[in-house]
Structures are given as C-alpha cells and as structure tokens.
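Chains, contacts and geometry: an overview
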Amino acid sequence: MGSCKSIKCVDIVIRLHSEKEMRQSKIMRTFLDTSLLFLMLYFCFSSAVSSSLYSSSCQLKGQFHLNGMHKTGDVILGGLFTVNLISTDPDLSFTSEPQMSDCYGFDVIGFRQAQTMAFAIDEINRNSNLLPNVTLGYSMYDNCFQLGIGFCAALTLVSGQEEQVTLEENCVGNPPVLGIVGDSSSTNTIAISTVLGLYSVPLVSYFATCSCLSDRQKFPSFFRTIPSDAFQVNAMIQILKHFGWTWAGLLISDNDYGFHAARSFHSDLGPAGGGCLAYTEILPLGNDPAELRKIVDVMRKSTARVVIVFANNILMINLMKEVVRQNVTGLQWIASEAWTSAAVLQTPHLMPYLGGTLGIAIRRGEIPGFRDFLLQIHPDLHHNNTDGNSMVRVDQFWEHTFQCRFAPPPAGWVEAGGELCTGQEVIENVETDFLDVSDLRPEYNVYKTVYALAYALDDMLQCEPGRGPFRNNTCAHLQRMEPWKIVHYLEKVNFTTFGDRVSFDENGDALPSYDIMNWVWLPDGRTKVQRVGEVKRSAFKGEELTLDEERIYWNFESKQPPRSVCSESCTPGTRMARKKGEPECCFDCVPCSEGKISNTTDSMECTSCPEDFWSSPQRDHCVPKKTEFLSYHEPLGICLTTTSLLGTCICVVVLGIFIHHHSTPIVRANNSELSFLLLVSLKLCFLCSLLFIGRPRLWTCQLRHAAFGISFVLCVSCILVKTMVVLAVFRASKPGGESSLKWFGAVQQRGTVLVLTSVQTAICTAWLVSASPVPHKNTQYHSDKIVYECAVGSTVGFAVLLGYIGFLAVLSCLLAFLGKNLPDSFNEAKLITFSMLIFCAVWVAFVPAYISSPGNYADAVEVFAILASSFGLLVALFGPKCYIILLRPERNTKKAIMGRAIGS
C-alpha cells in the first residue's frame, strides 16, 4: 500500500480502509452462501417454533473440517485461537471427504492461550461454588490467522457438527455453544461479531482492540476483556504529553486495527495532547522492500524523533530489517500492545535501534496452578480420539518443542522432521517460552473471559422463578437456552479475580488498564522488558497515568528523554503564528505588539494590558504606565516655578518701592491706589501660574483657571480704569472739561474694578458649577504613557473666560491708543498702550500654541503665557517709574514732571 502524509492522511486512510474491505469481501463472498445455511440451521435451535412449520429434521449439507480440540460438558463454550500463523488459501466449499485446513507455522504462545481456556474451564468445573452441578465443556478451533478460516470456525461453533437434527414440538436442548471466546484479530472479530450479533450469540474477545467494536448498534453481543484501542491511543497521547513530545510519526498495519488507531490519533492527538503527526505510513502486509524502503526514508528525513507503531511483531520484523539496513538510529519508539512483549524483536541485533522503547502492554496477571496444568500436556492422552477434529495440535506442539516427528507424521503437517518422537520426552528439560508463566498478559485476558461467561451463566441459573428479568418475570432455563439471555447477564457481570475487577460498560468494554513497559538494554548485552508505570481509568479521576521516570532506560547518549517538536516552544512575550499549509505544531514565534503581553509558554494570543498599564520591554508582563505631567522636579517645571516666584518677588519689591515713595510726585501722579491694586493683581497672576505645575488634583484643576481668570481680569480692569482716568484728566485740563472728573473719583474707580472683576467671578462660578474641570488621564498622546491633565470640563466656559479677558484687554488697548498723542505729562497712556500690545500679542499667540501642544506642554504654554504677559505689564508700566525713583531721583519732582510739559 502507498504511504500518506499527515495533512491528507485521514482521507487516505478511509480510502485504504475501503479498499481493504473490498479485498476482504471477496473472501467473504466465497463462503457467504454456506454461512447462511449454517445460520438457518442454528436458527432452528435458537427459536421456539412450531414443528408444523418445518420438516421433522434439519439436514446439515456439509461440514468445515478444522483443526481443534474439544471437551464434552453440559454447556459448551467455543474458542477461537491462532495456533498457526500461516495458511494456504483454504478451500471454503463443502466437500464429501473431510480435509484438514493446511495451516503451519506453529505459534507456541497461541497454543498456550488455548490451553489457558482449557485450564480455566477445568478450574471452574472443580469449583463447587461456581456453577455447581453444571459441567463446562469446550470446542476450540485454530483460525490459522486467516479471516476465512476464523469465520468458518465461528459458524461451525454456533451451528454444530451433527449431520442431522430432529426437531420436537418445542426446541429442547442446549445450543451448540453458549458463547465464544475470541477472536484475537480485530478484523476477524468484526466479521464474526457482525453475523453473530444478528442472533445475539455472545462473542467475548481477549485480544481484539479495535475501537470500532465499541459500537453497540453494529455489535450488540460483543464483549471484550482487553481495553479498546481508543483507550490505548489516549494512553499513548498521555505519554507524549508527559514528555512534551508534540511531533511524532505514526506507522500502522494495513487492517482495521491500524486504520481505527490512525483515526483516533488524528482526531484526539491535537485536542488532548497538543501535538500532531509528522507523517502516517501504512506498513505493507507482505515483505515489500520498495515500500518499506520508502517508509524508512520518510522516518529518516523527518524531524520527528518519536515513532508510534500500531502493528504486530511480524510487520515490525520486516520494518526493522530496513531500519537496520539504512542504520536509522536516534528514534524513540512507542509500541502498541501487539508487539510490546515480542521477544523476537528483543535481540542484540535490534536493541541498538529498539532499546528504550516505551510500550503499552496488557495488564499482567498470575494464574496459580497454570504451569502444573501445562506440564500435564502429553500427546499420548489424545491419540485415542477418533473424531475428525481431534486435537492433533498437541502432536504438533510436541514436534515443535522437541524437534522430532511422530511415525507416521500426521497428515498435512510439514514441520515434523528429525528424530522420531517417543512421547516420553520431558518438557521441563527443554528451554521453551511455553512454560514461562511469569508474564501472562493475553492469557490472563483469556482466563478472565472464560470466567466472565461462567459468572454470567451462574447468575442466570440462580434466578428465582417469578423474579426473572425476562418477560412475565420469567427466568432462563438450561434446557431451553437462548444466547441472548446470556448477553443480558454478561452486561451485568461484576466479579473480582486476583484483585482485578471484571465488568463491562454499556459498550461491552472492560474497565481499561494498561502497563507501561520499557525495553532495557543491559550492559552484558542481555535485554529486559520492565514495567515502569501504568495507565488506568477510574470512575472518579478519569484516565490516570503513573510513570516511574527513574527506572526508564533511554537509548541516547544523554540518557535523557529526547526532544521531538516541529517548532521550539514560544517563550513568554511571544505568540504562536501558524505556518500556512503545515500542521498546527509547526509555527513561528512572533513578538507581542506594544501594549500586549503573553506570560505563558506557547501562548496562542497576546493579551492587552489594562488601561493604566503597559507591556514590559520583554512583553511578558504589564507594568504601570509612566505618568507625565508638568512636574516641579523636571527642568521645565523648575524653570517656570523659578520665573513665577521671581515675578512675584519683583512685584513685592516694586510694591515696597511705591509704598516707600508714595509721597513722591511720580507715585502720586500715577494714581497710587490703582497702582497698588495693579501690583497686587500682578502678584496674584504670577502666583496662579504655580497651580498649573505639579500633579493635577481636583482642587488645583478647579482653582487654576478661576484664579487665572479673576487675577487677570483684576489686573486688566485696573489698567482699563487707569486709562480712563488719564483720558478724563486730560479732558479736564482743557477749558470746560472739569465736569468729566466727577465720574472718575476714587469710589467710582474702585466700583468699576469691582464690577468688572465680579463679572469674571460669575463666569468662573457658573463654569465650576455646570461643568467643573477635573483631573484626566489622557492616553491619546502616548500609548505607553499616562498624561495627567486637567480636562476643562466645558470648552464654552473656558472660551468665555478667555474672551472676557481679551475683551477688557482690547478695550484698554484701544482707549490707551486714543491717548497716545497726549503731552508727556500724560505719557502714562503710552505705557499702557505698549503694555496692552504686549499682553494682546502674548495671548493671541497663546491660543493656537495651546491647542496644538500635547499633554503637559499645554500647561507649560499656558504658564508661559501667564508669565510673559505678567512680566510685560510689570516692566512696561512700572519699569520707567522705578528707574526714575531709584536711579534718577532728581526727576522725581513736580517741577520736573511739569517741566516736561512746558518744554514740549
């Protein structure tokens, strides 16, 4: 069969499965008609029908002549075992002359499994507490590892071998077999159980693991004492997950066992273990060198260091020949239960490649007295059988064990050779795996299977009349046995053998439990398979894996588990980005973008930091955002604070000078009261700029603009009144203008300033009440910073505040401009004009600069405007006066002041 890659493997496996079924259907068609005849005969036994509907007897038209062993009893259990591994194409048609199936390739382990069933039945018959007064017998056949032979054997078991059966009015008597133990192959079991399920004949397998057999709709009478492959796959996935192996290759056999395992891996590996398959290859059933070469070449080139194999030991032998030829080492093998304990692979020649293998193994059990039973096997005990299906297997076992032959050799056996067998050979003197009962695994399942059928029959026979589970509370009777009733009791079986509980779930599966095995390559060259853990499922904890890592042998120089990943794990601070067209385990690690983090390994997404946090440089955790505001500790804040305090001090000094020289002409001539009030307002203007520096708080946000607005209105109001007074005095100096001074007395001046300032106070109050400025964390300017600022609350309120100051400033400037041509004695108007021009220029430039400045720079622009305009007013209005007072006192006289007017 061709290989397939992981990306398309599911579809290809399904197609291959269909092709396989087509090939098998050719075999099935050859004996389908025969099967129906047998089933019709069997139906006569299993249905209570009126004799008037049938003839008085059923005639068996022919027989399949198979190799088997039999023991009579009140109830017969059937058995299907693989005692020979090779068979020529069998003749499945009826023949008039009995013929033995041409099977060879004796398998000691298969023969021991058959003997396990015989031992269990013998033990049950000797047990007075189980099935008292009922003797169990058996009919076991060799399926020769062939579907056709196994199917024919199953039909023979359910139909019987009597050539003619007489029917009474009611069918009386036991069916040929109560149930069948077997088969060992999933493919055989699927075919057999599909037919037996139509007639509810129980089939209890000890080795068929295909997960498909858990379908109760298709296989209503199937049970098994070995866990399903679905559980085995999950066990392997847990091992992969435990060691961090997310990248593995899968090799499967070309049958139902392999196909269903592949399906389970493809569907479960990603969700359950976070891994994926690098490749999926199908091992050819025969020794196909070209196909094996291709498969091993894929393994060698792949980056996957872990290889999972779902196949039997025969396929593994063929594979390992090519692995050795290409010298492919450095792989970690994961074995399914089919070859975990295969001694044929545990050779010094293969251990450099297979050493360290981890395998899933059927739970081991100890069967007391079994070895003594095996020692009693002797060919003489069976030579007197005249039945066409006599147990010649013992003869073949004897010949295989002692490498001799009986004279004459049994017909059909080609293995016999060498010396003649006497039958007196001592089996204990021969080194054989047959007597090694230290590692009973499939045999232990056979043992439990026989006991499950026995306990089901025992429960059925203990039924009290009138309290039965069937219609009208009836019980089943041994003389009117119907197999479907045994199915009912099998579903309720619950017993303990050697500490292991045996029961079946709603799908007919046993409580799953596996041993984890490790292949150890000892220093002296010997090999050992040791138990290093277990995986089991409990009702409360689910599937549970236990591993003793200290005992695991790793066949690598580091003596550590290998690393098998498609892409290395993404560290915190990065996320996984899938590579287009590749499995999900193959990815790139992309750093998280700014403001996002990932704090776990192999994160699929980066998460955004909270609003007040930002990603660290490594993008693995969030840190508080850096806060930014116009601080007293930064150079700009220090500079502005110093300038503000300097302006305040200058105002205080000028005020002191004016107070000290308040009686001098120049002070008195410039309206000393308004000059004092103007200096105080300028001082407040300088001080209010300090409210714009430092971390914004609610009270500073509310106070800064109110203080700024009121202080400047007070200042500009004083200038406006001074301008109006200057103009009034000049008008009064002309003839007939004396009346104009009466409107600008001291009371009127104070009242005007008070009224103009009160308007601004009302504006500020309305603003604070309706939409008060509040501290605001602005993240729009810088995503990694928080800019603390004062949100104005109401843009209209802020605009009205500035507009009112601007209105007063423009009005003062216009009035002062009107008096620019006054005589020098009234040169105050020129100073006011110059100061107002400076003031207006500063604030006209402020508006666009304020709007375009981000964050704390907006506050710095506003403080700069406050300080610049305040210094402009201070220097322009009081600079010349202080110059005369301090440096030119000779001009600070009334004569000098009046003289300027005369000189002009």
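Because the structure is predicted, anything quoted here is derived from the model rather than measured.

Here we take up the confidence of the model for the chain. Overall, the predicted model of the chain reaches an average pLDDT of 81, with 82% of residues at or above 70. Confidence drops under a pLDDT of 50 for residues 1-55, and excluding neighbours within four residues, the segment shows 98 contacts in the predicted structure. Between residues 95-100, whose pLDDT stays under 50, and residues either more than four places distant or in other chains, the model counts 8 contacts.

Moving on to the pattern of salt bridges. Enumeration according to the criterion identifies 26 salt bridges in this entry. Across the salt bridge formed by E568 and R563, the nearest N and O atoms sit 2.9 Å from each other. Since its relative accessible area comes to 46%, R563 is described here as partly exposed. For the salt bridge of D588 with K579, the shortest nitrogen-to-oxygen distance reads 3.8 Å.

The next subject is a nonpolar patch on the surface. A grouping of L645, L677, V680, L684 and L687 is seen on the molecular surface, where their side chains present a nonpolar patch of about 340 Å² in accessible area. Top contributing element to the nonpolar patch by residue count: helix α16 (residues 672-688), with 4 residues. Mapped onto the elements, L677 comes out in helix α16. Judged by its relative accessible area of 30%, L677 is partly exposed.

This next bit is on the sheet that holds strand β31 (residues 774-778). Strand order across the open sheet formed by 3 strands is β30-β32-β31, with mixed pairing between neighbours. Both outer strands of the open sheet, β30 (626-628) and β31, are each paired with one neighbouring strand and no more. Between one strand and the next, the sheet's axes are offset by a mean angle of 30°, whatever the strand orientation. The pairing of β31 with strand β32 (residues 785-791) spans 5 bridges and is classified as antiparallel. Bridging from a neighbouring strand, V774 pairs with A791 of β32.

Consecutive side chains along a regular strand alternate between the two faces of the sheet. With 8 of 9 residues buried, strand β21 (residues 513-521) is to be regarded as a mostly interior element. Bridging between strand β16 (residues 358-362) and β21 involves 5 bridges; their strand directions are antiparallel. Bridged to G359 within β21 is M517.

With the rule as written, the count across this model stands at 9 disulfides. The residue that forms a disulfide with C570 is C589, at a sulfur-sulfur distance of 2.0 Å. Its S-S torsion of about -95° marks the bond between C570 and C589 as left-handed, since a negative value means left-handed. Taken together, the residues span a long stretch of sequence, with C570 in the loop between β23 (542-547) and β24 (574-578) and C589 in strand β25 (residues 587-591) at a distance of 19 residues. Judged by relative accessible area, which is 0%, C570 ranks as buried.

Glancing now at the packing of helix α7 (residues 289-301) against helix α8 (residues 313-326). Contact geometry of α7 with α8 gives a least axis separation of 9 Å together with a crossing angle of 60°. One element, α7, and the other, α8, form an angle in the oblique class. With respect to the hand of their crossing, α7 and α8 are arranged in right-handed fashion. Within the contact between the two elements, α7 uses L292, R293, I295, V296, D297, M299 and R300 and α8 uses N318, L319, E322, V323, R325 and Q326.

Two numbers describe a pair of aromatic rings. These are the distance of the centres and the angle of the planes. Summed over the entire model, instances satisfying the criterion amount to 34 aromatic pairs. Judged by centre distance (5.6 Å) and plane angle (25°), the ring pair of F111 and F434 falls under stacked. Highlighted residues: F111 in helix α2 (residues 108-125) and F434 in the loop between β18 (419-420) and α12 (442-461), separated in sequence by 323 residues. Across the pair, exposure class does not vary: F111 and F434 are buried alike.

Moving on, we come to the sheet that holds strand β11 (residues 222-224). As summarised here, the arrangement of the 6 strands in space is β3-β7-β4-β9-β10-β11, forming an open sheet in which the pairing is mixed. Taken across any chain shown, the strands that pair with only one partner, and hence form the sheet edges, are β3 (68-71) and β11. In this sheet, neighbouring strand axes are inclined to one another by 20° on average, regardless of whether the strands run parallel or antiparallel. The pairing of strand β9 (residues 179-181) with strand β10 (residues 203-205) spans 2 bridges and is classified as parallel. When the sheet's bridge partners are listed, I180 is paired in β10 with L203. Against the sheet, α2 contacts β3, β4 (75-81), β7 (136-142) and β9, and its axis sits at roughly 175° relative to β7.

Each value, and the rule that gives it
Residues numbered from 1 in each chain as written. Predicted model: local features only at pLDDT ≥ 70, side-chain atom pairs only at ≥ 80, totals over all residues. Heavy atoms only, no water. pLDDT = per-residue confidence, 0-100. Contact = heavy atoms within 4.5 Å. Salt bridge = Lys/Arg side-chain N within 4 Å of Asp/Glu carboxyl O. Buried < 20%, exposed > 50% of the residue type's maximum accessible area, 1.4 Å probe, protein only. Patch = residues over 30% accessible without salt bridge, like charges linked within 9 Å, V, L, I, M, F, W, Y side chains within 5 Å. Areas by Shrake-Rupley, 256 points an atom, 1.4 Å probe, with all protein chains shown as cover. Helix = DSSP H or I, 4+ residues; strand = E, 2+ residues; numbered from the N terminus. Pairing = 2+ DSSP bridges. Axes fitted to C-alpha atoms, helices over the stretch in contact; angles between N-to-C directions. Disulfide = S-S within 2.5 Å. Parallel < 35°, antiparallel > 145°, perpendicular 65-115°, else oblique. Left-handed = near helix turned anticlockwise from the far one by under 90°. Phe/Tyr/Trp six-rings, centres within 6.5 Å; stacked < 30°, edge-to-face > 60°.

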